[in-house]
Amino acid sequence: MVAPALRAADGSELLAVARADPSRLAVFAAAHDVKRTYARWPDLIADPDVNAVYIATPPDVHGTQTVAAAEAGKHVLCEKPMALTVDECQRMIDACRAHSVTLGIAYYRGFFPVVRRVQEILSSGGIGRPIIAHVMLFSPFDPTQDHPRGWLGDRARAGGGPMMDMGCHRIEMLLRLFGPVGDVTSWVGRLKIERDIDDTGTAVLQFASGVHATLTVSWAPSERRDSVEIFGDRGTISIPVLGAGTMILRTAAGERTEHHPSHPNHHEPLVDDFIRAVAERRSPLVTGEIGLEVNRTEAAIYREQPFTRSGRRRLEESNIQK
């Protein structure tokens, strides 16, 4: 869906693509009318006619590729999660800043009209003070090695299971709605799949604003779920399916259902914003700093490092269940 967005956006031309698998490279180039193909990504970055790159590789190489692109003077729109570690994220930010190129991260939920509507309600006090949020995301998946996205089952390449792959989108959304996280408690484990990677995770996030949020993501349940609920002291927002855009608002005035459908191509508003940001010499809506904050929260969820914010420190430590 990103390739059509890159082709459709004003001021954008999908000029070149790099992929190590020659058969998949040829199929992609033919499907999207790409004029230049490269078997090695450094050769694409060296192309003098390319002035921006979209990095769609697994996250274990995001850092290396972003730094190389920045050093070549290319603007970078990088897939999520931004990288595997907080340090890698910072190196990406530093490299892009040092070479005066734009860095954007492909978290597109902030462009959903329903998410923007929630922001309006929260900022106007429409449900009073937000107190609790519940976010659930279940998507049955078993990333076997022969699957096109089989790398998601490899911890060294993916960094973690669904909390890393899908949960990062919801963390970015929660940061957008409630501000910085103050503390994290989490449980991450493997309940169904047979590989050495988690398939289920729950995080309890306490925001500096005081809001408590629970985030549960899983590949294991048979039922799909993509719900968001926000409970305030004067009302409630309920979104049964985030991507569908239907929202139920409950206040003392009664219950109202609103419909805020997303763009048919979820990536297109993100791509449009990034291209305009480059042209206008401004920051995109989703910056590298936002990507870093998501990774900082992920690191605490996976117990890779204590979470610190404003002098607070999460003390508990445990390992992913085997």
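The notes below deal with the structure included here.

## Some words on the packing of helix H4 (residues 62-71) against helix H5 (residues 86-98)
- Contact geometry of H4 with H5 gives a least axis separation of 8 Å together with a crossing angle of 5 degrees. One way to sum up the angle between H4 and H5 is to call them roughly parallel. Along its contact with H4, which presents His62, Gly63, Thr66, Val67 and Ala70, the element H5 presents Arg91, Met92, Ala95 and Cys96.
- Class assignment of the residues belonging to the contact of H4 with H5 gives a composition of five nonpolar, three polar and one charged.

## Focus: H4
- Of all the positions in H4, only His62, Gly63, Gln65, Thr66, Ala69 and Ala70 are classed as buried.
- Contacts from the buried residues of H4 go to helix H3 (41-46), strand S3 (52-55), strand S4 (75-78), H5 and strand S5 (103-105).

## Concerning the sheet that holds S5
- Across the sheet, which stays open at both edges, the three strands sit in the order S3-S4-S5 with parallel pairing between neighbours. Two strands bound the open sheet, and with one partner strand each, they are S3 and S5. Geometrically, the sheet is characterised by an average inter-axis angle of 15 degrees between neighbouring strands, direction not taken into account.
- Where S3 and S4 come together, four bridges link them in parallel fashion. Its bridge partner being in S4, Val53 is matched across the sheet by Val76.
- Here helix H10 (residues 268-280) sits on the sheet in contact with S4 and S5, set at roughly 160 degrees to S4.

What counts, and where the lines are drawn
Residues numbered from 1 in each chain as written. Predicted model: local features only at pLDDT ≥ 70, side-chain atom pairs only at ≥ 80, totals over all residues. Heavy atoms only, no water. Axes fitted to C-alpha atoms, helices over the stretch in contact; angles between N-to-C directions. Helix = DSSP H or I, 4+ residues; strand = E, 2+ residues; numbered from the N terminus. Parallel < 35°, antiparallel > 145°, perpendicular 65-115°, else oblique. Contact = heavy atoms within 4.5 Å. Nonpolar A, V, L, I, M, F, W, Y, C, P; charged D, E, K, R; others polar. Buried < 20%, exposed > 50% of the residue type's maximum accessible area, 1.4 Å probe, protein only. Pairing = 2+ DSSP bridges.

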